[in-house]
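Spelled out from the first residue to the last, the chains are:
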Amino acid sequence: MPLNAGDTGYGSVAGPGLVGSVGDSESAPLLIPEEEPEPVQKWQPMSKEELEAVAGGPGWRKVRCYLVVLFWLAWVAMLATSIAIIVMSPRPVPTQLRWWQRSLFYQLQPDLLTDEQAEGSEGINALCEQIPYLRSLGIGALILEGLFDKGASPLNVTVAGVRLGTLPQIEHLITESNKAGLKVVLDFCEVDLVGTQDVAGNADKPSNMSAPVHQGLRFWLQQGVAGFTICDTDAAYSEKTLLEWRAVFTEFNTQEEERIVVVKQTRDVLPPLNNATLVDVVMRSILPRSNLLMSTNDVADAIEKDLQRKEEDTWPSWTVGGKASPDLKKLLLVLMMTLPGSPAVQYDEDLDQRQNVSVRVVSPPGENTPSDSHTDKEKKKRIAVALFSSLSHSRAREEALLYGSFTFLPFNSTTNASSSNSSSTSPSPPPILAFQRSWGCVHFLVLLNVGSEPHALDPAWAPRLPKAGVFIASTEMDRLGPTALDSLELQPHEAIVIKLFESGSYS
């Protein structure tokens, strides 16, 4: 009998009524209940009533209040921090300048505006016609020279030279200039106003000519003259005389119309006065006065000496003074316009409106004058006017050029010219001269190449300065847009004015 007889077997159960018999037995599968699928929960948006009930709960109200308070506290903190940074950060204080400190002086003799065959009175009329043009160039004051004879008596300081026109013409010139906002300063330099030929500074000797001179001063001040110019070698340059002049000036001075005294310094050292306020402007020469043409090395030495001059109490004014090569004329103009003080530009025929008009006149058919010469002259005058106008207007609107700090920058440069071929006895070319004018975060860099060879800047010449900038002006007015100092090369007799800015910014 099999061992499994009567066994229903693994996984089988005996059917009902079937016991013990193999043939009569059958097996049924074991049934395991299957898991029912979980019901899927459907999300439905909350109704308005449900949303209001949840949002209005005490927990959410506290959270919203905390967030609002935190936002406003952060906003107030940022505002307070910004105000503190602005208030505590160092900033330059704008300097209140007088009219002569803001002005650009233009020295000229009216007879220079006349033709050789014309009378001197036409120079006054020509100057009256050019007043709007001169004002458009940025000129703020005229220094009229040559109106008085050098040997004029102090009794006749109201009488102008006959060759320069009549007194009504000069009065008309002063009136028209004042209407256009152009100040007029009369040049009394080397005119004997005291009636003696005493040395300057002799204030002990009394003068019996003071009353006529005071009468003459009052006459011109009534006509609208803004001041007078004397030399440091004149007898009028004394404390006694200037005190008397100041007493006359107070009768005509107003807050915006102050009368001034300009002293031309002709000596190496200006004779000091006990009261420095008696002189408003000291006009100095960049180059020493000489009848001989100065070499480029002498010009460079004179400029470097001026750049290293210590600041003095009296407001300075700069003019060229000595004689230099015509190639350096525009370089010296850039230097005058950017030095601290008021520039005093001498008459330049390139700026003469009548000369500019005559250049554009076409030559008659019978003349053999080449047209190229007219084109070159017109281009030269156009560049001169553009350079003058650019410098004058930049100085008028930039605080750094008006009263900013001055820093002389000695540095090395490399020349492209081969120095191996030159003899050891030949003088070395003059270096590049540079200085910086700064006010706050605004910086201007002025570069001067006095020599006749091109110079490239040494990359390590001034590591503290920004490496980028934008051209403001150049002697040939051919440099525009941004530039990098590391790749800058100065051409012979070139001067450049650059407004510096940090890399990645443009101001």
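Predicted, not measured: the structure shown is a model, and the values here were computed from it.

Chemist: With reference to specific residues and values, describe the nonpolar core.
Modeler: In globular proteins that are soluble, nonpolar side chains generally tend to be buried together. Grouped together as the largest cluster of nonpolar side chains are 82 residues, with contacts concentrated most on Phe228, Trp245 and Ile303. When residues of this core are assigned to their parent elements, the largest contribution, seven residues, is made by helix H10 (residues 329-338). Setting aside chain neighbours within four positions, we find Trp245 in contact with Phe188, Leu193, Val213, His214, Leu217, Phe228, Ile230, Ala236 and Val261.

Chemist: Talk me through the sheet that holds strand S14 (residues 468-474); I want residue IDs and the actual numbers.
Modeler: Sheet architecture is open: six strands sit in the order S9-S11-S12-S17-S14-S15, paired in antiparallel fashion. The sheet is open, and its two edges are formed by strand S9 (405-408) and strand S15 (482-484), each paired on a single side. Pairwise comparison of adjacent strand axes, ignoring direction, gives a mean angle of 30 degrees for this sheet. In this structure, strand S11 (residues 432-439) lies alongside strand S12 (residues 442-449), joined through eight bridges in antiparallel fashion. Across the sheet, residue Leu433 finds its bridge partner in S12, namely Leu448. Strand contacts of helix H9 (residues 296-307): S9, S11 and S12, with the helix running at about 25 degrees to S11, the strand carrying the most contacts.

Chemist: Would you mind going over the side chain of Thr319 in detail, with residue names and values included?
Modeler: Tracing the backbone through its elements, the reader meets Thr319 in strand S7 (residues 315-321). For Thr319, a relative accessible area of 1% puts it in the buried group. Of the polar contacts made by the side chain of Thr319, one reaches the backbone oxygen of Ala344; its length is 3.2 Å. Setting aside residues no more than four positions away along its own chain, Thr319 makes contact with Gln107, Met283, Arg284, Ser285, Ile286, Arg289, Met336, Ala344 and Gln346.

Chemist: Any details on a nonpolar patch on the surface? Residues and values, ideally.
Modeler: Together, Val68, Phe71, Trp72, Trp75, Val76, Met78, Leu79, Ile83, Ile86, Val87 and Met88 give the surface a local cluster of nonpolar side chains, amounting to about 1,200 Å² of exposed area. Exposure remark for Trp75: the relative accessible area of 42% places this residue in the partly exposed category.

Chemist: An account of helix H8 (residues 239-249) is requested, with residue identities and associated values reported.
Modeler: Residues Thr241, Leu242, Trp245, Arg246, Val248 and Phe249 constitute the buried set of H8. Looking straight down H8, one finds its buried side chains confined to an arc of 155 degrees; they lie on one side. Among the structural elements, helix H7 (210-223), strand S4 (227-231) and strand S5 (260-264) are those in contact with the buried residues of H8.

Chemist: Can you tell me about the state of the cysteines, naming the residues and giving the values?
Modeler: Going through the model one piece at a time under the given rule, you end up with one disulfide. Between the sulfur atoms of Cys189 and its disulfide mate Cys231 the distance is 1.4 Å. When the S-S torsion is -50 degrees, as for the bridge of Cys189 with Cys231, the disulfide is left-handed. Taken together, the positions of Cys189 in the loop between strand S3 (183-187) and H7 and Cys231 in strand S4 put the pair 42 residues apart, joining distant regions of the chain. Each member of the pair, Cys189 as well as Cys231, carries the same accessibility label: buried.

Chemist: So, the packing of H7 against H8: which residues are in play, and what are the values?
Modeler: Viewed as axis vectors pointing N to C, H7 and H8 meet at an angle of 40 degrees, and their least axial separation amounts to 10 Å. Accordingly, the angle class assigned to the pair H7 and H8 is oblique. Both H7 and H8 take part in a crossing whose hand is right-handed. For the pair H7 and H8, the contacting residues are Ser210, Val213, His214, Leu217, Arg218 and Leu221 in the first and Glu244, Trp245, Val248 and Phe249 in the second. Across the contact of H7 with H8, the residue classes break down as six nonpolar, two polar and two charged.

Chemist: Quick rundown of unusual backbone geometry? Include the residues and the values.
Modeler: In this model, Glu190 sits at a positive phi of 65 degrees, which is unusual for a non-glycine residue. Here Glu190 shows up in the loop between S3 and H7. By relative accessible area, which is 48% here, Glu190 ends up partly exposed. The residue His493 is not glycine, and still its phi comes out positive at about 60 degrees. Its place among the elements puts His493 in the loop between strand S16 (489-490) and strand S17 (495-501). Overall, His493 belongs to the buried group, its relative accessible area being 16%.

Chemist: Let's hear about the sheet that holds S3: which residues, and what values?
Modeler: Strand order around the closed barrel formed by eight strands is S1-S2-S3-S4-S5-S6-S7-S8, with parallel pairing between neighbours. Within this sheet the neighbouring strands show an average axis-to-axis angle of 25 degrees, counted without direction. As paired strands, S4 and S5 are joined by five bridges and run parallel to one another. Each bridged residue has a counterpart across the sheet, and for Thr229 the counterpart in S5 is Val262. Those strands touched by H9 are strand S6 (281-287) and S7, and its axis lies near 150 degrees from that of S6. Contacting S6, S7 and strand S8 (342-346), H10 runs over the sheet at an angle of about 150 degrees to S8.

Cut-offs used in this document
- Residues numbered from 1 in each chain as written.
- Predicted model: local features only at pLDDT ≥ 70, side-chain atom pairs only at ≥ 80, totals over all residues.
- Heavy atoms only, no water.
- Core = buried A, V, L, I, M, F, W, Y, C linked by side-chain atoms within 4.5 Å.
- Buried < 20%, exposed > 50% of the residue type's maximum accessible area, 1.4 Å probe, protein only.
- Helix = DSSP H or I, 4+ residues; strand = E, 2+ residues; numbered from the N terminus.
- Contact = heavy atoms within 4.5 Å.
- Pairing = 2+ DSSP bridges.
- Axes fitted to C-alpha atoms, helices over the stretch in contact; angles between N-to-C directions.
- Polar contact = N/O pair within 3.5 Å; in protein donor to acceptor, adjacent residues only side chain to side chain.
- Patch = residues over 30% accessible without salt bridge, like charges linked within 9 Å, V, L, I, M, F, W, Y side chains within 5 Å.
- Areas by Shrake-Rupley, 256 points an atom, 1.4 Å probe, with all protein chains shown as cover.
- Salt bridge = Lys/Arg side-chain N within 4 Å of Asp/Glu carboxyl O.
- Arc of directions from axis to C-beta.
- Disulfide = S-S within 2.5 Å.
- Parallel < 35°, antiparallel > 145°, perpendicular 65-115°, else oblique.
- Left-handed = near helix turned anticlockwise from the far one by under 90°.
- Nonpolar A, V, L, I, M, F, W, Y, C, P; charged D, E, K, R; others polar.

Purely geometric numbers; function is a separate question.
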